[in-house]
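Each chain, letter by letter, is given below.
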Amino acid sequence: MKEFSYFITDSQGIHARPAGLFVKEAAACECNVTISKDGKEVDAKRILGVMGLGAKQGQEIILKCDGPDEDEAIEKLSKFLQENL
């Protein structure tokens, strides 16, 4: 399992457009992908779960990838977070 911790920098937090793009990227991965915030963990391949976290600017989220392509997935998804959120 690979893990990546990230603090949201976008002033709007995780909002619809980047969340949709993130879910699309996560769905392309074979491994299980989850995001957690304040102890609540959701499937990163489900838009309602990602939006339901309600992550705001300055809050920490933890991205976890577990499965056959976890190395590539964590690299791709962490880069997405840094560039878009």
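Structure's up top.
### What to know about the sheet that holds strand β1 (residues 2-7)
In space, the 4 strands of this open sheet follow the order β1-β4-β2-β3, with antiparallel pairing throughout. The open sheet terminates on both sides in strands that have one partner only, identified here as β1 and β3 (40-43). On average, each strand axis in the sheet is inclined to that of its neighbour by 25 degrees, with strand direction left out of account. With 4 bridges joining them, strand β2 (residues 32-37) and β3 adopt antiparallel strand pairing. Paired with I35 across the bridge in β3 is V42.

### Details of the nonpolar core
Ranked by internal contacts, the top residues of the largest apolar core, which has 26 residues, are F22, V33, I35 and L63. Mapped by element, the contributors of at least two residues to this core are β1, α1 (16-27), β2, β4 (60-66) and α3 (70-84). The element that contributes the greatest number of residues to this core is α3, accounting for 5 residues.

### Some points on α1
In this model, α1 (12 residues) spans 16 Å end to end at C-alpha, consistent with the 16 Å of a helix rising 1.5 Å per residue. Those residues of α1 not exposed but buried are P18, A19, F22, V23 and A26. The buried residues of α1 occupy one face: seen down the axis, they fall within an arc of 140 degrees. Exposed residues pointing more than 90 degrees away from the buried face of α1 are listed as A16, R17 and K24.

Reading guide: rules and limits
- Residues numbered from 1 in each chain as written.
- Predicted model: local features only at pLDDT ≥ 70, side-chain atom pairs only at ≥ 80, totals over all residues.
- Heavy atoms only, no water.
- Pairing = 2+ DSSP bridges.
- Helix = DSSP H or I, 4+ residues; strand = E, 2+ residues; numbered from the N terminus.
- Axes fitted to C-alpha atoms, helices over the stretch in contact; angles between N-to-C directions.
- Core = buried A, V, L, I, M, F, W, Y, C linked by side-chain atoms within 4.5 Å.
- Buried < 20%, exposed > 50% of the residue type's maximum accessible area, 1.4 Å probe, protein only.
- Expected span 1.5 Å × (residues − 1).
- Arc of directions from axis to C-beta.

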